Amino acid sequence: METVAEHPSSLLGKHIVLGVTGGIAAYKAVEVVSRLRKKGAHVHVIMTRGAQNFVTELTFREMSDAPVLTDMWAKVTHYHVEHIALAQLADAVLVAPATANFLAKAACGLADDMLTTTLLATKAPIFVAPAMNTAMYENAITQENIEKLRSRGIHIVEPASGQLACGTSGAGRLPEPVELVAVLEQFFHAAANDTLCVGTKTTECSSVGANGEQKHDLASRKILVTAGGTHEPLDPVRFLGNRSTGKMGFAVAEAAAARGADVVLVAGPVNLATPAGVRRVDVLTAQEMHDAVLAEYETADAVIKAAAVADYRPKERAGQKIKKKDGSLFLELVRNPDILKELGERKTHQILVGFAAETEHVLEYAAGKLQKKNLDFIVANDVSRTDAGFSADTNCVTILGCDGTKTQPPLMSKRALADVILDCVAGAMAEKRKD
């Protein structure tokens, strides 16, 4: 098995300006500072007035070992004109958490505090991580502000879903610090390297250019994505399923839409918001997913099968709840349709990408699946890792190509990995056009 040598972090020596706004998730920004410094970055923190209600200036000063800026009008202690000096010094700016109020100000180009003024003055790539109550995040005004920022080349780090501090559950959680740092690390890694691949051949895998502009290389292309697990009913209250949350597939759908594709997302039962610009088809069982995928397949340019589809289903579904009895319960299971294999058999012009979620012999099993199912690429995923696979916001995979390529990105957010996968797909599409 080939291995990739350890390399210094792409954040080594980088100057990161971290903007912290007034949300409860401000406490996570302290760990972001710690992790960035462990990667060798220099961190310069700007706190808004609201942020100071949650975390103290002293905490960030101690963690960053640098002055913390809070006031446009405070006595100058470090830089000549502080917001200009920081704007010019920055290799990247990360705002985490970014409140709805901050998003509104940034979208309008307001500059009424140290953070917003620095943002207007910098030419460095800007990353913004919204974090707020679900209703506030889903509000049309907030979404319009996010789209305005995205259209100006600002990178939006999508919030996670789950239990929020206000007691509700849904989209709006600030991603974990490890994921935020991984987003920056992947960006600088991609900017510094032409490829992220090893083997006899290489595939270009950088997701964004050094200027931070979003690619639109999938415009007019139809991308079909599957996500989540499936539920195979035993009776009206029980089912056979798995631990898939759908995060990877939803990240791929979001990334494809951002790159201009016409995206159809066939989703199993998951608790995730539909990405902007994506047409979603909800299904429950493997058979329903099979039918939905086949209905879209012929007109698709690429299919990315990130869903964890149940291999078996109960032969019979009980009409009423199965009652507990003495002794053992025996269930007879039958095979579900192998959707990926059928797509490989029917493939004409499509680029077909599968996933191999394994706990052992990961590359060996993935390589066999790649060949057996007539795939163009397979994403080999060790789901026994705590920082990758099901539920995690980050992922670490190996992408095997049918032409012998082996793509091994570092640990990164699933959203960043989605762009790496799509780079491979876009490259394969370009090769088909040449043929």
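Some remarks on the overall build of the chain
For step 1, the next point in the chain: In terms of helices and strands, the chain carries 13 helices and 22 strands.
For step 2, the next point in the chain: Put simply, the chain has 435 residues, and 54% of those count as buried.
For step 3, the next point in the chain: As displayed, the chain offers around 20400 Å² of accessible surface, 50% of which is attributable to carbon and sulfur atoms.

Comments concerning the pairing of strand S9 (residues 222-227)
For step 1, the next point in the chain: Counting buried positions along S9 gives six out of six residues, so the element sits mostly inside the fold.
For step 2, the next point in the chain: By the alternation rule, side chains of S9 split into Lys222, Leu224 and Thr226 and Ile223, Val225 and Ala227, which are all buried.

As for the environment of Asn381
For step 1, the next point in the chain: Following the sequence through the fold, Asn381 ends up in strand S18 (residues 377-382).
For step 2, the next point in the chain: For Asn381, a relative accessible area of 7% puts it in the buried group.
For step 3, the next point in the chain: For the pair Asn381 and Ala357, spaced 24 residues apart in sequence, the C-alpha to C-alpha distance is 4.9 Å.
For step 4, the next point in the chain: In this structure the side chain of Asn381 is engaged in a polar contact, spanning 3.0 Å, whose partner is the side chain of Asn395.

Let's talk about the pattern of salt bridges
For step 1, the next point in the chain: Summed over all chains, the structure comprises 24 salt bridges.
For step 2, the next point in the chain: A salt bridge links Arg150 to Glu158; its shortest N-O distance comes to 2.6 Å.
For step 3, the next point in the chain: Given the relative accessible area of 24%, Arg150 is considered partly exposed.
For step 4, the next point in the chain: Taking the shortest distance from any N to any O, the salt bridge between Lys222 and Glu296 comes out at 2.7 Å. With Lys222 in strand S9 and Glu296 in helix H10 (residues 286-297), the pair connects residues that are 74 residues apart, well separated along the chain.

Some thoughts on a nonpolar patch on the surface
For step 1, the next point in the chain: On the surface, Tyr312, Leu329, Leu331 and Leu333 cluster together into a nonpolar patch covering about 390 Å² of accessible area.
For step 2, the next point in the chain: Inspection of the secondary structure puts Leu333 in strand S16 (residues 333-335).
For step 3, the next point in the chain: Residue Leu333 is classed as partly exposed on the basis of its relative accessible area of 39%.

Looking at the pairing of strand S4 (residues 126-130)
For step 1, the next point in the chain: The element S4 is extensively covered by neighbouring structure, given that five of its five residues are classed as buried.
For step 2, the next point in the chain: With burial as the criterion, each face of S4 is covered, one bearing Ile126, Val128 and Pro130 and the other bearing Phe127 and Ala129.
For step 3, the next point in the chain: Pairing between strand S3 (residues 92-98) and S4: four bridges, direction parallel. Note that in S4 the partner of Leu94 across the bridge is Phe127.
For step 4, the next point in the chain: Bridging between S4 and strand S5 (residues 155-156) involves two bridges; their strand directions are parallel. Bridged to Val128 within S5 is Ile156.

As for helix H7 (residues 140-151)
For step 1, the next point in the chain: Between the first and last C-alpha of H7 there are 16 Å, a value that for twelve residues agrees with the 16 Å anticipated at 1.5 Å per step.
For step 2, the next point in the chain: Turning to H7, its buried residues are Thr142, Asn145, Ile146 and Leu149. All buried residues of H7 project into a common sector of 100° when viewed along the axis, lining one side.
For step 3, the next point in the chain: With a side-chain oxygen positioned 2.8 Å from the backbone nitrogen of Ile141, the residue opening H7 is Asn139.
For step 4, the next point in the chain: Immediately beyond the C-terminal end of H7, within one or two residues, lies Gly153, with a positive phi of roughly 90°.

Rules and cut-offs
- Residues numbered from 1 in each chain as written.
- Predicted model: local features only at pLDDT ≥ 70, side-chain atom pairs only at ≥ 80, totals over all residues.
- Heavy atoms only, no water.
- Helix = DSSP H or I, 4+ residues; strand = E, 2+ residues; numbered from the N terminus.
- Buried < 20%, exposed > 50% of the residue type's maximum accessible area, 1.4 Å probe, protein only.
- Areas by Shrake-Rupley, 256 points an atom, 1.4 Å probe, with all protein chains shown as cover.
- Polar contact = N/O pair within 3.5 Å; in protein donor to acceptor, adjacent residues only side chain to side chain.
- Salt bridge = Lys/Arg side-chain N within 4 Å of Asp/Glu carboxyl O.
- Patch = residues over 30% accessible without salt bridge, like charges linked within 9 Å, V, L, I, M, F, W, Y side chains within 5 Å.
- Pairing = 2+ DSSP bridges.
- Expected span 1.5 Å × (residues − 1).
- Arc of directions from axis to C-beta.

The analysis is restricted to geometry; functional conclusions fall outside its scope.
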